[in-house]
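Breakdown of the fold
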Amino acid sequence: MGTWGSGNFDSDTAADHLAELTDRLLDEVVAAMAGDPVGLEPDEYWGVAVPCNLELLCLLARQGHVGVTLPEPATVAEWKTTFLAIWDATIDGLEPKPDYRVARRAVLVETFDRLAEEAARE
């Protein structure tokens, strides 16, 4: 195994570990996006966890460590379209405050856009 520095992520083993971690985050998103759309509604587990996974992927990618894998920007764009369509169609049924609805949607858009931007850099 190769080591190229003294940092926690400066070895082949660390890169392999990071790849496994990011693959797991991506696999969860892929499964959620391909599953029952009800699971992506704002009050359902994957409606909350998918943006969390995307945020974690962005944070990991920004560190510049070897081993981080990201989806293609076109895939992120498809996910964004699907996710936001479900969010837009269901959020009002939860009767959110108008300010929350606007602010939360902006965060969701930004999250998908940042991941697409990070993916385009690869």
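Analysis parameters
Residues numbered from 1 in each chain as written. Predicted model: local features only at pLDDT ≥ 70, side-chain atom pairs only at ≥ 80, totals over all residues. Heavy atoms only, no water. Axes fitted to C-alpha atoms, helices over the stretch in contact; angles between N-to-C directions. Helix = DSSP H or I, 4+ residues; strand = E, 2+ residues; numbered from the N terminus. Parallel < 35°, antiparallel > 145°, perpendicular 65-115°, else oblique. Left-handed = near helix turned anticlockwise from the far one by under 90°. Contact = heavy atoms within 4.5 Å. Nonpolar A, V, L, I, M, F, W, Y, C, P; charged D, E, K, R; others polar. Core = buried A, V, L, I, M, F, W, Y, C linked by side-chain atoms within 4.5 Å. Buried < 20%, exposed > 50% of the residue type's maximum accessible area, 1.4 Å probe, protein only. pLDDT = per-residue confidence, 0-100. Salt bridge = Lys/Arg side-chain N within 4 Å of Asp/Glu carboxyl O.

Viewed as axis vectors pointing N to C, helix α2 (residues 45-62) and helix α4 (residues 98-121) meet at an angle of 40 degrees, and their least axial separation amounts to 9 Å. In terms of their interaxial angle, α2 and α4 are classed as oblique. Both α2 and α4 take part in a crossing whose hand is left-handed. Here α2 contributes Pro51, Leu54, Glu55, Leu57, Cys58, Ala61 and Arg62 to the contact with α4, which in turn contributes Arg104, Leu108, Thr111, Phe112, Arg114, Leu115 and Glu118. Grouping the amino acids of the contact of α2 with α4 by side-chain chemistry returns eight nonpolar, one polar and five charged.

With that settled, the discussion passes to the nonpolar core. Core analysis: the largest hydrophobic core is formed by 25 residues, its most contacted members being Leu40, Val50, Leu54, Leu70, Trp79, Phe83 and Leu115. Once residues within four sequence positions are removed from consideration, leucine 54 is found in contact with Val29, Trp79, Thr111, Phe112 and Leu115.

Looking now at the confidence of the model for the protein chain. The share of residues in the protein chain with pLDDT of 70 or more is 99%, and the mean pLDDT across the chain is 96. Averaged pLDDT values for the elements of the protein chain fall to 96 in helix α1 (residues 12-34) and rise to 98 in helix α3 (residues 73-90).

Further remarks concern the packing of α3 against α4. Direction vectors running N to C along α3 and α4 enclose 170 degrees, while the axes themselves pass 8 Å from each other. The angle between the axes of α3 and α4 places the two elements in the roughly antiparallel class. Counting all contacts with α3, which are made through Pro73, Val76, Trp79, Lys80, Phe83, Leu84, Trp87 and Asp88, the residues of α4 involved are Arg101, Arg104, Arg105, Leu108, Val109, Phe112, Asp113, Leu115, Ala116, Ala119 and Ala120. Tallied by class, the residues present in the contact of α3 with α4 amount to 13 nonpolar, no polar and six charged.

Right, let's get into unusual backbone geometry. Of note, the phi angle at glutamate 95 is positive, near 55 degrees, even though the residue is not glycine. Secondary-structure assignment places glutamate 95 in the loop between α3 and α4.

Glancing now at the pattern of salt bridges. For the structure shown, the criterion picks out seven salt bridges. Through salt bridges with shared partners, one network takes in Glu55, Glu110 and Arg114.

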